[in-house]
Protein chains: 2
Amino acid sequence: MHPLDAALVLQPEGDGSVTGHTSPAYANMIGPFGGITAATLVQAMRGHPARLGEPLALTVNYAGPVADGPFSVQAEPLRTNRSTQHWRAELRQDGQVAVSATAVFGVRRETWASTEIGFPAVPAAGAVPALPPLGRVAWTRQYEMRFVSGGFPDFSQGRADADATTTLWMRDEPPRPLDFASLTALCDVFFPRIYLRRRQWTPAGTVSMTIYFHADAPMLAAHGTQPVLGVARAQRFGKGFFDQSAEVWAHDGALLASTHQIVYYKE
Amino acid sequence: MHPLDAALVLQPEGDGSVTGHTSPAYANMIGPFGGITAATLVQAMRGHPARLGEPLALTVNYAGPVADGPFSVQAEPLRTNRSTQHWRAELRQDGQVAVSATAVFGVRRETWASTEIGFPAVPAAGAVPALPPLGRVAWTRQYEMRFVSGGFPDFSQGRADADATTTLWMRDEPPRPLDFASLTALCDVFFPRIYLRRRQWTPAGTVSMTIYFHADAPMLAAHGTQPVLGVARAQRFGKGFFDQSAEVWAHDGALLASTHQIVYYKE
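Given the structure is predicted, the values throughout are model-derived calculations rather than measurements.

Student: Can you walk me through the interface of chain A and chain B in this structure?
Tutor: By a frequent convention, interface size equals the accessible area lost on bringing the separate parts together. Contacts between the two partners involve 62 residues from chain A, matched on the other side by 63 residues from chain B. The junction of chain A with chain B conceals about 5800 Å² of combined surface from both sides, 53% of it contributed by carbon and sulfur atoms. Considering only the surface of chain A that becomes buried against chain B, A:Arg79, A:Trp112 and A:Lys239 emerge as the three largest contributors, covering 15% of it. Put simply, B:Arg197 and A:Glu116 hold a salt bridge, and the shortest N to O gap is 2.9 Å. Between the two partners, chain A and chain B, sit 49 residue pairs in polar contact (both at pLDDT 80 or more). Residue composition of the side of chain A that touches chain B, by class: 24 nonpolar, 22 polar and 16 charged. Of the strand pairs in this sheet, strand 7 (residues 114-115) of chain A and strand 11 (residues 228-238) of chain B are connected by 2 bridges, and their pairing is antiparallel. For A:Thr115, the partnering residue across the bridge sits in strand 11 of chain B and is B:Arg236.

In structure tokens form, the structure reads like this:
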């Protein structure tokens, strides 16, 4: 079983909730990688017997630390319309909310379509060297990361970089066919923009992440195990929080998702 | 009383919920303007006795139509940390969820700060003519809108526009000092990007909106009744949904909020 699928195993309980366990493979410096937590919430909604369609929008709020160990997820459809469905979900440990989420699911249909933003001019993934795993942080070993620009900064250089933008090819390691759970986690692979902007280690953590899914299930299935291109930038740092906006593109230049975060930092 | 304040009057009930009533002044074609609904949810959280700090992030999901008439809002702090607080809220009519929301509130502190995106080169608000109100849609009469570019399209022209970007100076009409509620509503003033992109009327409605607040209360108080500059663009239209990203800037070039939406459209 792929480590991502192993991390996303959820056991239905009698009361409508599901239980799971954090995965050492996706451990961050403290607690799990936020992307795997977001994917867990998507998985809980996707596995719910009342689910309609596929994810269109997801917001995950990291309310408190997630401890290594068991957790429960309660996902509830708040309202089901003809073609859309609104969800709330909470991940709890010891009865306390650690993560809250809302999502919109829906059934998509063919319409006029247009992408208003451009796929960046980048070399093919195979032409970009893969980053060696960052030794101490387990989850980074679960991703192949090929930085086109804005790679993980060398803090020993000690100079501020004017540009907090990262462009990278990325995929699950080992490769795994793309689906909504893995795309969700990939949206959180970007390291905190403040590392790049200031070139100094700074305590930082995502407070809230939103994803808009542009891909539907057939598009993800067609993508398979190819790498995706991620582009992330910061907008405003101030008074302890900054926001990040990012896109995740298919290898063929189709936009799979746009995603936004607000991130805590401590100067 | 300013029409915005009148629209946001909420009556505490014994059970922790509050009740309100839609305002004819902020009526949209069907039901209320989405911005006033979002502001109502912020107001319910801000008025809660357990509230800590000010809004940092807000996500509002428009789950179903809001009918003209009374509604109840249940806002609940899910978790309170030392300097942040996580909320959920739901607006109900006849017992059914019409709108769901999550928010992060927090206490901000001085840190290193930087804005990574630029305030656009625009003429001062006073040099841009104000749009006459759109007769049939009540809420547009509650805003002064001075379009620098990307104004409301003339559908009779019948040609597609390549650019779905709007830049406008906007403020409450009559002018009202800026606060979190009015800033929240201003984040939804942008008309659907598909109107501009295709130059044809298309049924469209916001499904989910997220706001990241960069302003704190003193910054909003200092802004007063000056107009704010809004810039909105579309990213991807496809299979019935598009996403919009926007910024709201203070008159002096400080970033007040960044905001994102996913919007339903029917071709």
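Now that the structure has been shown, we can carry on.
Student: What is the right way to look at the relation of the copies chain A and chain B in this model?
Tutor: Both copies of the chain are placed relative to one another by a rotation about an axis and a shift along it. With an RMSD of 0.0 Å, the operation that places chain A on chain B is a rotation of 180° combined with a shift of 0.0 Å along the axis. In short, the pair behaves as if placed about a two-fold rotation axis. Take the interface residues of chain A: 100% of them recur as interface residues in chain B, which is what a same-surface contact looks like.

Cut-offs and rules
- Residues numbered from 1 in each chain as written.
- Chains lettered and ligands numbered in written order.
- Predicted model: local features only at pLDDT ≥ 70, side-chain atom pairs only at ≥ 80, totals over all residues.
- Heavy atoms only, no water.
- Contact = heavy atoms within 4.5 Å.
- Buried area = accessible area lost by both parts, 1.4 Å probe.
- Salt bridge = Lys/Arg side-chain N within 4 Å of Asp/Glu carboxyl O.
- Polar contact = N/O pair within 3.5 Å; in protein donor to acceptor, adjacent residues only side chain to side chain.
- Nonpolar A, V, L, I, M, F, W, Y, C, P; charged D, E, K, R; others polar.
- Pairing = 2+ DSSP bridges.
- Helix = DSSP H or I, 4+ residues; strand = E, 2+ residues; numbered from the N terminus.
- Least-squares fit on C-alpha atoms with pLDDT ≥ 70 in both.

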